[in-house]
Structure formats: C-alpha cells, structure tokens
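# What the coordinates show
What follows is each chain in one-letter form.
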Amino acid sequence: MKEVITLTAELVNVTHDILLDIFGVSMTDKQLHFWIVGIIGMITFFLVYFSFKLIHKLKWSLTILAFIYTFTVMVVFVFAIEIQQAVTNRGNMEFADAMIGLWGFIVFFFFYAVIVLSIMLVTYLVKKKRTKKIQRFTSRTRVKH
C-alpha cells in the first residue's frame, strides 16, 4: 500500500514538473491546482454524466447507480483506513487489505442480488400460476352462445 501511494505521489510530482515547464514558473502552486483540479473535475463530470445517462435507460438503473456510488464511497473508506493505519502505526498499511475489504463488499452485494433475484423469481412464478388459474376458471364459467 505504501508503494502504491509513493508511486502515485511520484506520478503527481512528475506531472507537476511537466506542467510547470509547459506553463512556466509564473503559475503558483495554488493556480496550478485550480486549473488542473478544475479540468480533471469537469472531464470526470462529463464522463460520469454520460455514463449515468446510459445507465438511466437500463431496467435496474437505480440499483446500478446506488452500487456505483456505494462502491466509490467504500474505495475512499478503505483507503482512508489504510492511510490512518500508516499515520498512527496501528496496523500494517497494505494495498491487499484495501482490496480484500472491497472484495468483501462485492461478495456481500452478490448475496444480496441473489436473494433479491430469487424473491423476484418466486413472485413472478406465483403470479404466473395465479393468472393461469384465473384464466382456466373464467374459461370454464363463460356462457357459450
């Protein structure tokens, strides 16, 4: 985990140096952050917006969106836990810990989905059976002319 954060920090530093070379030393660190975070934020917004518009057309769009949002929150949460462990020295900061935590959420969500789909299937079959009974009953009781 520490290696991932170090690699990410190094990537940010190299990108920072490249951007300073392109735009010149006239930009302060705050100005550079303003532009870069603003641009990355808008690119992310448009990607999310168009992805969610596509998801909105699907049958279980609310469930899909809730899963995406929850997964995003869980990513932030597990990395916050790992960073907290590194800062306080109360546990080992490992990337594998974060991944196994996210895997736990995915497994629990899978069981939730199986349960919900099972209930939906049973409900569908019961309704289908009732509809057939009603159709048989009404076809027998019709008066033939």
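See the structure above.
Residues numbered from 1 in each chain as written. Predicted model: local features only at pLDDT ≥ 70, side-chain atom pairs only at ≥ 80, totals over all residues. Heavy atoms only, no water.

### Focus: helix 3 (residues 61–88)
Over its 28 residues, helix 3 extends 40 Å from the first C-alpha to the last, a length consistent with the 40 Å expected when each residue adds 1.5 Å. The set of residues buried in helix 3 consists of S61, V78, E82 and Q85. Backbone geometry just after helix 3 places N89 at a positive phi near 55 degrees. (Helix = DSSP H or I, 4+ residues; strand = E, 2+ residues; numbered from the N terminus. Expected span 1.5 Å × (residues − 1). Buried < 20%, exposed > 50% of the residue type's maximum accessible area, 1.4 Å probe, protein only.)

### Points about unusual backbone geometry
Here N89, not a glycine, exhibits a phi torsion of approximately 55 degrees, which is positive. Along the chain, N89 falls in the loop between helix 3 and helix 4 (95–141).

### Quick word on the packing of aromatic side chains
All chains considered together, the criterion is met by 11 aromatic pairs. Taken together, a centroid distance of 5.3 Å and an interplanar angle of 70 degrees make the contact between F45 and F46 edge-to-face. Overall, the relative accessible area of 44% leaves F45 in the partly exposed class. Take F46: its relative accessible area is 41%, and that puts it in the partly exposed class. Taking the centre distance of 6.4 Å and the plane angle of 35 degrees together, the rings of F71 and F105 count as tilted. Residue F71 is found in helix 3, and its partner F105 is found in helix 4; the two are separated by 34 residues along the sequence. For F105, a relative accessible area of 17% gives the class buried. By way of ring pairs, the aromatic residues F67, F71, F105, F109 and Y112 are connected into one cluster. (Phe/Tyr/Trp six-rings, centres within 6.5 Å; stacked < 30°, edge-to-face > 60°.)

### Brief notes about the packing of helix 2 (residues 29–56) against helix 3
Running from N to C, helix 2 and helix 3 cross one another at 145 degrees; their axes reach a closest spacing of 8 Å. Where helix 2 abuts helix 3, its residues F52, I55 and H56 lie against S61, I64, L65 and I68. A per-class count over the contact of helix 2 with helix 3 returns 5 nonpolar, 2 polar and no charged. (Axes fitted to C-alpha atoms, helices over the stretch in contact; angles between N-to-C directions. Contact = heavy atoms within 4.5 Å. Nonpolar A, V, L, I, M, F, W, Y, C, P; charged D, E, K, R; others polar.)

### Section: a positive patch on the surface
On the surface, K127, K128, K129, R130, K132, K133, R136 and R140 cluster together into a positively charged patch. Inspection of the secondary structure puts K132 in helix 4. (Patch = residues over 30% accessible without salt bridge, like charges linked within 9 Å, V, L, I, M, F, W, Y side chains within 5 Å. Areas by Shrake-Rupley, 256 points an atom, 1.4 Å probe, with all protein chains shown as cover. Salt bridge = Lys/Arg side-chain N within 4 Å of Asp/Glu carboxyl O. Lys, Arg positive; Asp, Glu negative; His and termini not counted. Charge placed at Lys NZ, Arg CZ, Asp CG, Glu CD.)

### Observations regarding a nonpolar patch on the surface
A cluster of nonpolar residues, F34, W35, I39, I43 and L47, forms a patch on the protein surface that exposes about 580 Å² of accessible area. Following the sequence through the fold, I43 ends up in helix 2.

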